Amino acid sequence: MLAPRALRCLLCALSCAWWPHAGAASRLKAPALPIQSEREPVPSKGLAGCSFGGRFYSLEDTWHPDLGEPFGVMHCVQCYCESQKSRRGKVFGKVNCKNIKQDCPDPDCADPILLPGHCCKTCPKGSGDKKQTDSVLDSFEYFHEKGKEKEDDLHKSYNDRSYLSSDDVGPGESRTDFVAVLTGVTGSWLPSPSGVARVRFVLTKNSLAFSITYQRMGRPSKIVFLDSDGTNAFEYRVPKGQSDMICGVWKNMAKPLLRQLQSEQMRISMTTSSSRREEVEGKIIKHRALFAETFSSMLTSEEENSGMGGIAMLTLSDTENNLHFILILQGLIKHKGKDPLLVPIRVQLVYRQHILREIRANITSHDPDFAEVLTDLNSRELFWLSRGQLEITVATEGPDPRQISGFITGRKSCDTIQSVMSSGDALTPGKTGGVGSAVFSLHDNGTLDYQVQVAGLSSDVVGLTIELKPRRRNKRSVLYDLTPEYSKSTGQAVGSWSRLEARHIHMLLQNELFINVATAHSQEGELRGQIKALMYSGLDAPRHELPTPLAGHFVSPPVRTGASGHAWVSVDKQCHLHYEIVVAGLSKSDDLTVNAHLHGLAEIGELDDSSTPHKRLLTGFYGSQAQGVLKDISAELLQHLDQGTAFIQVSTKMNPRGEIRGRVHVPNNCELGTKADTEEVEFDDVFLKDPEELKKDPHTCFFENQHHAHGSRWTPNYDKCFSCSCQKRTVICDPVICPALTCSRTIQPDDKCCPVCDDRRDPKDMKAPERVEEHPEGCYFEGDQKMHAPGTTWHPFVPPFGYIKCAVCTCKGSTGEVHCEKVTCPALTCSQPVRRNPSDCCKECPEEDRTPAGVEHGDMMQADGPRHCKFGKNYYQNSDSWHPWVPLVGEMKCINCWCDHGVTKCQRKQCPVLTCSNITRTDGSCCPECVDDRDDDDLLMKAPDKRRTWRH
């Protein structure tokens, strides 16, 4: 197995070879640079894993390296993120790559074929002619067909497409639910606390969101996840607050820990920081009841230091008034023997100390869980259930009875109950360009608070109702009328529904209710949306407030679309923008292929009629949701957000200039743009700012008596004319390379390393970089992540390679436009030019061969003439051609590269379309051939005056 150092060098060479293309891209306005997609999250500092080709991989991940066009994915090379331990026991990842072609099995047929995207040849099957599609597309088609099955189950005479999205997740984004009951830790010299906590987990890909409720204990300060060895796998510091709900996300879980989670080998611990330190702990388990749970209860004991507790998960039958429940109990039975002990228990349903129902059963000390059904609840019992007034008690019978109890309420979680209403999801679908948005909050006493807003409607609102899914056309089932609370002047309805029945709460938490907006022109409903829970994401978004509505009505010019959406947007203390977008009504059938890969594009920009709007791509997204954090925001955009003159827009293939849009107003104090001096950290890694935590990171660098995080950059104390970066425990310091200046007079600022033009003598020359404070608009360059003053020039710094001397970037005026050009080397008169330093861009003539007209190094940076090309470790003269060599693969004879005036260009050989019936492909050849033509080709190759040539 070989380390991929050479492969990384080729990746670098490829990126440098197409530098002019990168320069062309950088000539766009800085705000137009895309950010990394949320489907490839940036790893948290200190996270064990591997970085390769600009992507982060978890431990034990495997992948095929992608070298970009025209090389593509190296399917015969497989890379693996190997888990290793340092001397101190810290786990880190190491990349190993190997050629897997030698491991291909011998096919059991005479004419094996090589399928696209495969390394090994296989025998053709009956279905071998079926086009091999991307796994993402396959997943999307699965969900598409799943939706069709649901649609077939519904009545054909009406449309309720929003009902189909009850499990609307992106391809591959299936979820798994877990639960944990936390009770007092036993076996220590301290008394067991009486506190009980319940944790609900939702695993999506490699992110674990958790919602925690607790009773009979102080507010926790720290939550620790423990692996199968009992060591800390992840630690979450609880922010201060008054809420009895704790919400968090563990992002980028490593694969070994994911396997431990799936096999129920992990535990979770929670401690308080009060003078009376309390700790509760429990095992994380899967449970079949989590999917159907709509009511819950936390069971605690009145005894001090009891260490007892439990939870009850309850749900109503779909058609009958039967209450199903499952009890998970801890500490109720005191038995330390090896043999299981049978213990009789009594389960009671109580209202104000009156016993309504009672069940007697036996449980064992080894398996204390218990499940039962309370049948035929009467109207009073259902009413008390909806008001949170029913209590469930569990008690052991015998000489030493023990009891725990708790009130039954609607299920609690950190998810947000919300709805997007669109005309495309109306019972009679339309394309009006209108939008409706709603946010709900369910209380323990059964009261449902609501905030609803509508905009862009074709006519006045005549009805605003919460409904069931209709059984047939024109037979809507209205549960609650919100119309009296609707204000025409504001387009909003704010109020409370205080009489929810238990059945309504059950349906609400099962995503089975809808909200309908009827207008004068559409009496049955112009807008409609499903009320459903939006999973907690860990972002700093104000979900308790009404979000920004997104509609085609707000696009310029307005778009008549059936889609709509809403977005929560906030700016944190570091001036980073957090966003969550939910859309509805986007067509899934117009173009399945495109939608499978990119359902929509979300962007943010400025509403400024006097100039071209500046836009920033937020992300491309699947399904109906997009979320993320935008960190490098210009001061101008932050000012527009503060003034309410910014917008969020979602574009699609049908409407690339905007399908839906909404105006965003986020007050902030970020006058000078994103605070670059603030260390950028992930939500779940805020505690890594502590130097003690930095010491624990195996990738941290120690330099000049300070710890520096992996990937960080700084100016060393020993010399301001150097720039240092930390690359996995290795400090790389490069001398600052000053670009050549073309002005007649220069000055040397005391606090700067490079001289600058004296603009007092020549106003047309470059402005001094010390005037950044005077020109806050400047240019933000993604490479070095710094602001550059208008008029300044610099060599781009690309860690870990240092300064790229073959390119010069310039900040053009106050427009924020970065212009990067590749340096053109001069024509040389000597026959054997040399490169003085390995980092030099241009070769020079040796001293003995240098002519009087020789050019000094500083002038070379601006000289004209044909340039050589560097590819990998080799240099090529202008017009040279070659076949590229790829580590672990060898020479790629089907790809031809050539040097075109300093620019390396590569092209894959184009194969002709064959019309013959007898086709074969020989080893080493790039294209399939006709068997009848092979003799002619042999003669052609032997002819001395005719040779095959590449066309490009």
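An unreviewed UniProt entry lists the protein under the name Chordin, with Stegastes partitus as the source organism. Note on the protein: under the UniProt heading Subcellular location (unreviewed entry), the record states "Secreted". Taken from UniProt, the Sequence similarities (unreviewed entry) comment for the protein reads in full: "Belongs to the chordin family."

(A) Region of the structure containing the overall build of the protein. Looking only at helices and strands, one finds 11 helices and 63 strands in the protein. Relative to its 952 residues, the protein shows a buried fraction of 47%. Entry remark: accessible area of the protein is about 48600 Å², with carbon and sulfur atoms responsible for 49%.

(B) The arrangement of the packing of aromatic side chains in detail. Applying the stated criterion across every chain yields a total of 12 aromatic pairs. Seen from their ring centres, Phe-210 and Tyr-236 are 5.4 Å apart, and the 85 degrees between their planes marks the pair as edge-to-face. Of the two residues, Phe-210 sits in strand β8 (residues 207–215) while Tyr-236 sits in strand β10 (residues 232–237), which places them 26 residues apart along the sequence. Residue Tyr-236 is classed as buried on the basis of its relative accessible area, which comes to 4%. Judged by centre distance (3.6 Å) and plane angle (5 degrees), the rings of Tyr-876 and Trp-882 are stacked.

(C) Quick look at the sheet that holds strand β20 (residues 370–374). Here we have 5 strands laid out as an open sheet, ordered β20-β17-β16-β15-β23, and antiparallel in their pairing. Lying at the two open borders of the sheet, with one neighbouring strand each, are β20 and β23 (409–410). As paired elements, strand β17 (residues 323–330) and β20 share 5 bridges and run antiparallel to each other. Directly across from Phe-325, in β20, lies its bridge partner Glu-372. Against the sheet, helix α6 (residues 502–509) contacts β15 (295–299), β16 (309–316) and β23, and its axis sits at roughly 95 degrees relative to β16.

(D) Representation of the state of the cysteines. Counted according to the given criterion, the structure contains 14 disulfides. Between the sulfur atoms of Cys-109 and its disulfide partner Cys-123 the distance amounts to 2.3 Å. Between Cys-109 and Cys-123, the disulfide has an S-S torsion of -105 degrees and is therefore left-handed. Of the two residues, Cys-109 sits in the loop between β5 (91–99) and α3 (135–153) while Cys-123 sits in the loop between β5 and α3, which places them 14 residues apart along the sequence.

(E) Here's a closer look at the side chain of Asn-96. Inspection of the secondary structure assignment puts Asn-96 in strand β5. Reaching out from Asn-96, the side chain makes a polar contact with the side chain of Glu-82 at a distance of 2.5 Å.

(F) Broad picture of the pairing of strand β13 (residues 279–283). As judged from the 2 bridges shared by strand β6 (residues 175–184) and β13, these two strands associate in the antiparallel manner. Its bridge partner being in β13, Thr-183 is matched across the sheet by Glu-281.

(G) Looking closely at the pairing of strand β24 (residues 416–421). Burial analysis of β24 places 6 of its 6 residues in the buried class, which makes it a mostly covered element. Here β24 shows a buried face lined by Thr-416, Gln-418 and Val-420 and a second buried face lined by Ile-417, Ser-419 and Met-421. In terms of strand pairing, β24 meets strand β25 (residues 435–442) through 5 bridges, oriented antiparallel. From the neighbouring strand, Val-420 faces β25, where its bridge partner is Ser-437.

(H) Expanded view of the sheet that holds strand β32 (residues 527–534). Sheet architecture is open: 9 strands sit in the order β28-β27-β31-β32-β24-β25-β26-β30-β29, paired in antiparallel fashion. Looking at strand neighbours, the two that pair on one side only are β28 (477–481) and β29 (486–487), the edges of this open sheet. Alignment of strand β27 (residues 461–468) against β28, held across 4 bridges, turns out to be antiparallel. Across the sheet, the residue bridging to Thr-465 is Asp-481, located in β28.

(I) Highlighting α6. Counting buried positions along α6 gives 8 out of 8 residues, so the element sits mostly inside the fold. What α6 keeps buried is the set Ala-502, Arg-503, His-504, Ile-505, His-506, Met-507, Leu-508 and Leu-509. In the stretch just after α6, Asn-511 is the one whose phi turns positive, near 60 degrees.

(J) Region of interest: the side chain of Arg-402. Relative to the helices and strands, Arg-402 is located in the loop between β21 (391–396) and β22 (403–407). Within the buried set, Arg-402 has no salt-bridge partner at all; the shortest N-O distance to an opposite charge, 4.5 Å, is to Glu-303. From its side chain, Arg-402 meets the backbone oxygen of Gly-331 in a polar contact 2.8 Å long. Look past the residues within four positions of Arg-402 in its chain and what remains in contact with it is Glu-303, Ser-306, Met-308, Gly-331, Leu-332, Lys-334, Val-394, Ala-395 and Thr-396.

(K) Main features of the nonpolar core. Of all hydrophobic cores here, the largest spans 57 residues; its most connected members are Phe-325, Leu-327, Val-347, Phe-370, Val-394, Phe-440 and Val-452. Not counting chain neighbours up to four residues away, the residues in contact with Phe-440 comprise Ile-417, Gln-418, Ser-419, Leu-448, Asp-449, Tyr-450, Ile-466, Ile-515 and Ile-531.

(L) Region of the structure containing the pattern of salt bridges. With the rule as written, the count across this model stands at 20 salt bridges. One salt bridge in this structure joins Lys-255 and Asp-61, with 2.9 Å as the shortest N-O distance. On the criterion of sequence distance, the pair formed by Lys-255 in helix α4 (residues 255–262) and Asp-61 in the loop between β2 (55–58) and β3 (62–63) is long-range, its members being 194 residues apart. Residue class for Lys-255 comes out partly exposed when judged on its relative accessible area of 35%. Judged by relative accessible area, which is 14%, Asp-61 ranks as buried.

(M) Seen up close, the confidence of the model for the protein. Taken residue by residue, the protein gives an average pLDDT of 76. The fraction at 70 or more is 73%. Scored below 50 in pLDDT, residues 676–689 shows 36 contacts in the model against residues more than four places distant or in partner chains. Low pLDDT, under 50, characterises residues 850–865; the stretch is placed with 34 contacts to residues that sit more than four places away or in other chains.

(N) Structural context of unusual backbone geometry. Following Ser-556, the chain continues into Pro-557 via a peptide bond in cis, with omega recorded as -5 degrees. Mapping Pro-557 onto the fold places it in the loop between β33 (548–551) and β34 (564–571). Residues other than glycine seldom take positive phi values, yet Glu-60 does so here, at roughly 75 degrees. Within the secondary structure, Glu-60 is located in the loop between β2 and β3.

(O) Structural context of the environment of Lys-94. Structurally, Lys-94 can be placed in strand β5. Judged by relative accessible area, which is 37%, Lys-94 ranks as partly exposed. Between the C-alpha atom of Lys-94 and that of Cys-81, which follows or precedes it by 13 residues, the distance is 5.5 Å. Setting aside chain neighbours within four positions, we find Lys-94 in contact with Cys-50, Tyr-80, Cys-81, Glu-82 and Gln-84.

Cut-offs and rules
Starting from 1, residues in each chain are numbered consecutively following that chain's sequence as written. Note on the predicted model: pLDDT of at least 70 is required for a residue's local features to be given, and 80 or more for side-chain atom pairs to be given and counted; whole-chain, interface and lining totals, by contrast, use all residues. Where side-chain values are given, they derive from all heavy atoms of the structure, hydrogens and water being excluded. UniProt positions are given in the numbering used here, feature names are shortened, and annotations may be inferred rather than shown by experiment. In this description a helix means any DSSP run of H or I spanning at least four residues, a strand means any run of E spanning at least two, and both kinds are numbered starting from the N terminus. Only protein chains enter the accessibility calculation, which uses a 1.4 Å probe; a residue whose area is less than 20% of its type maximum is buried, one above 50% is exposed, and one in between is partly exposed. All accessible areas in this document rest on Shrake-Rupley with a 1.4 Å probe, and a residue is counted as covered only by the protein chains that are shown. Think of it this way: a Phe, Tyr or Trp ring, Trp meaning its six-membered ring, pairs with another when their centres are within 6.5 Å, and the plane angle makes it stacked under 30 degrees, edge-to-face over 60, tilted otherwise. Pairing between strands is defined by DSSP: at least two bridges between them are needed. What makes two residues a contact is simply this: any of their non-hydrogen atoms within 4.5 Å. Lines fitted to C-alpha atoms define the axes, with helix axes restricted to the stretch in contact, and inter-axis angles between N-to-C directions lie between 0 and 180 degrees. We call a pair of cysteine sulfur atoms a disulfide whenever their separation is within 2.5 Å. Here a polar contact is recorded for every N or O atom pair within 3.5 Å, except that within protein the pair must consist of a potential hydrogen donor and a potential acceptor, and residues adjacent in sequence are included only if both atoms are side-chain atoms. In this count, Lys and Arg are taken as positive residues and Asp and Glu as negative ones, while His and the chain termini are left out. Throughout this description, the term salt bridge denotes a Lys or Arg side-chain nitrogen within 4 Å of a carboxyl oxygen of Asp or Glu. Take the buried Ala, Val, Leu, Ile, Met, Phe, Trp, Tyr and Cys residues and link them wherever side-chain atoms come within 4.5 Å; each set so joined is a nonpolar core. Note: pLDDT gives the predictor's confidence per residue, expressed from 0 to 100.

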